[in-house]
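Reading the structure
The primary structure of each chain is shown beneath.
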Amino acid sequence: MGRTIVITSGKGGVGKTTTTANLGTGLAEAGKSVVVVDADVGLRNLDVVLGLENRVSKHLLDVIEGKASLDDALVRDRVRRSLHLLPAAQNREKDDVPTDAMAALMNTLAERFDFVLIDSPAGIEKGFRNAVAGAKEAIVVTTPEVSAVRDADRIIGLLPPDVDARLIVNRVRPALVKKGTMMSVNDVVDILRLELIGVVPDEKEIIIATNRGTPVIDIEGSETGAAFKRIARRLLGESVPIPPLQERTGFFDRVKATLGLSRASQGQRTS
Amino acid sequence: MLDFITRFFRREESSKSLAKERLRLVLLSDRVALAPEAFDEMKGEMLAVIRRYLEIDERA
């Protein structure tokens, strides 16, 4: 029996879909069979983030309604052959999906795959309840902002008690945290009191990756990609420490480092 | 000039503290899971009790 994990946040735009795509890719890379499920019926995007949009023909609701077989609907990634996408319907609504049928489908998928990652829609309505219905574990994604943390807190309260939940703090900007402008990861964990499974820095590579429709994991030298890879390994039970955040070094930092003036030159940098 | 710089940095420092403080307050009311009317009633009653012992500025 595979593991079913819902990726959720309450608030929209904090990186659920990107997280789902990259963890799915990371787990597939590690040799696991993975299906990523787009539960955002009516606003599907996981196909685009994975660059699989041209190959979608049938979708989740077709399967639930018996109009298509699971194999017809699943899209298999060309690069990582163990990664599959179950797309959402774009021309339907979240209320069209019966919760029981959704949970049953996730169970069926768990019999076939090592990992079932469910990309939850934003909100706390039926779309969210459906996404959670078949999941045994949850990854709550938030950013260090008041609105995102508030919504994460609400979502954590709405998760069924038997769901094992862990936290990703996404879009952290190390330079701003250091200055005290942005809340730190510790601040967020302090408030939400959830086990931290990863910290993902914000950088321009993620925009490039999303524009291309490739996972950021594939972009050489990307800290964001490296962070997602580490989270995938932690999901597999490996003990991978969360490294301290590293600022991108600019010209002045390098000058200061050369002169021995910055903290970075005193061996505080990690990767 | 130095004063300006320190003031500038202090303001930066407070951006995060402000966020934490606002979050704490908003989560306090979110987490009590009371209907808004019940919450207001509770606040009113608490205020009434405090007023019995202390002088309170109504406008504050």
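Conventions and cut-offs
Residues numbered from 1 in each chain as written. Chains lettered and ligands numbered in written order. Predicted model: local features only at pLDDT ≥ 70, side-chain atom pairs only at ≥ 80, totals over all residues. Heavy atoms only, no water. Helix = DSSP H or I, 4+ residues; strand = E, 2+ residues; numbered from the N terminus. Rg over C-alpha atoms; globule rule 2.2 N^0.38 Å. Buried < 20%, exposed > 50% of the residue type's maximum accessible area, 1.4 Å probe, protein only. Contact = heavy atoms within 4.5 Å. Areas by Shrake-Rupley, 256 points an atom, 1.4 Å probe, with all protein chains shown as cover. Lys, Arg positive; Asp, Glu negative; His and termini not counted. Charge placed at Lys NZ, Arg CZ, Asp CG, Glu CD. Buried area = accessible area lost by both parts, 1.4 Å probe. Salt bridge = Lys/Arg side-chain N within 4 Å of Asp/Glu carboxyl O. Pairing = 2+ DSSP bridges. pLDDT = per-residue confidence, 0-100. Axes fitted to C-alpha atoms, helices over the stretch in contact; angles between N-to-C directions.

**Observations regarding the overall build of chain A**
A tally of helices and strands in chain A yields twelve helices and eight strands. Over its C-alpha atoms chain A spans a radius of gyration of 19 Å, differing by no more than 12% from the 18 Å that the globule rule assigns to 271 residues. The principal-axis extent of the C-alpha atoms belonging to chain A is close to 70 × 40 × 30 Å. Looking at the 271 residues of chain A, the share that counts as buried comes to 53%. Long-range contacts, defined here as pairs at least 24 residues apart, represent 74% of the contacts in chain A between residues at least 6 apart. Surface exposure of chain A reaches about 12300 Å², of which carbon and sulfur atoms provide 47%. Taking the 37 positively charged and 36 negatively charged side chains of chain A as two groups, their mean positions are separated by 5 Å.

**Here's the deal with the interface of chain B and chain A**
Across the contact, twelve residues belong to chain B and twelve residues belong to chain A. Roughly 1300 Å² of surface becomes buried between chain B and chain A when both sides are summed, with 56% attributable to carbon and sulfur atoms. Our count for the chain B to chain A interface comes out at four salt bridges. B:Lys16 serves as the salt-bridge partner of A:Asp187, at 2.9 Å between the closest nitrogen and oxygen.

**Some points on the environment of A:Leu236**
Residue and element names in this part refer to chain A. For Leu236, the location among the structural elements is in the loop between helix 11 (223-235) and helix 12 (251-259). For Leu236, a relative accessible area of 29% gives the class partly exposed. Taking the C-alpha atoms as reference, Leu236 lies 8.0 Å from Leu27; in sequence the two are 209 residues apart. Aside from chain neighbours lying at most four places away, what touches Leu236 is Leu27, Ala30, Lys32 and Phe115.

**As for the pairing of strand 6 (residues 137-142) of chain A**
Residue and element names in this part refer to chain A. With six of six residues buried, strand 6 lies mostly within the body of the structure. Burial along strand 6 is two-sided: Glu137, Ile139 and Val141 and Ala138, Val140 and Thr142, pointing in opposite directions, are all buried. Pairing analysis gives four bridges linking strand 1 (residues 3-8) to strand 6, with the strands arranged parallel. Paired with Ile5 across the two strands is Glu137, which belongs to strand 6. In the sheet, strand 6 pairs with strand 7 (residues 164-172) via six bridges, with the strands oriented parallel. Residue pairing across strands places Thr142 opposite Val169, the latter belonging to strand 7.

**Some remarks on the pattern of salt bridges**
All names here are of chain A. For the coordinates displayed, the defined rule picks out 16 salt bridges over all chains. For Asp218, the salt bridge identified is with Arg80, shortest N-O distance 2.4 Å. You can see Asp218 sitting in the loop between helix 10 (205-212) and helix 11 and its partner Arg80 sitting in the loop between strand 3 (75-76) and strand 4 (83-86), a full 138 residues away along the chain. The class for Asp218 is partly exposed, based on a relative accessible area of 38%. Take Arg80: its relative accessible area is 11%, and that puts it in the buried class.

**What about the confidence of the model for chain A?**
When pLDDT is averaged across chain A, the result is 92; 91% of the residues are at 70 or more. Long-range and interchain partners of residues 263-271 of chain A, a stretch whose pLDDT sits below 50, account for 13 contacts in this model, where long-range means more than four residues apart.

**Regarding the sheet that holds strand 4 of chain A**
Residues and elements named next belong to chain A. Here we have eight strands laid out as an open sheet, ordered 3-4-2-5-1-6-7-8, and mixed in their pairing. Whereas interior strands pair on both sides, the edge strands pair on one side only; in this sheet they are strand 3 and strand 8 (195-201). Where strand 1 lies against strand 5 (residues 115-119), five bridges are found, and the strand directions are parallel. When the sheet's bridge partners are listed, Val6 is paired in strand 5 with Ile118. Here helix 7 (residues 146-158) sits on the sheet and contacts strand 1 and strand 6; the angle it forms with strand 6, its principal contact strand, is near 165°. Packed on one face of the sheet, helix 9 (residues 185-192) meets strand 6, strand 7 and strand 8 and runs near 150° to strand 7.

**A look at the side chain of A:Asp62**
By secondary structure assignment, the location of A:Asp62 is in helix 3 (residues 60-64). Buried charge A:Asp62 goes without a salt bridge, the closest partner of opposite sign being A:Lys67 at 4.8 Å.

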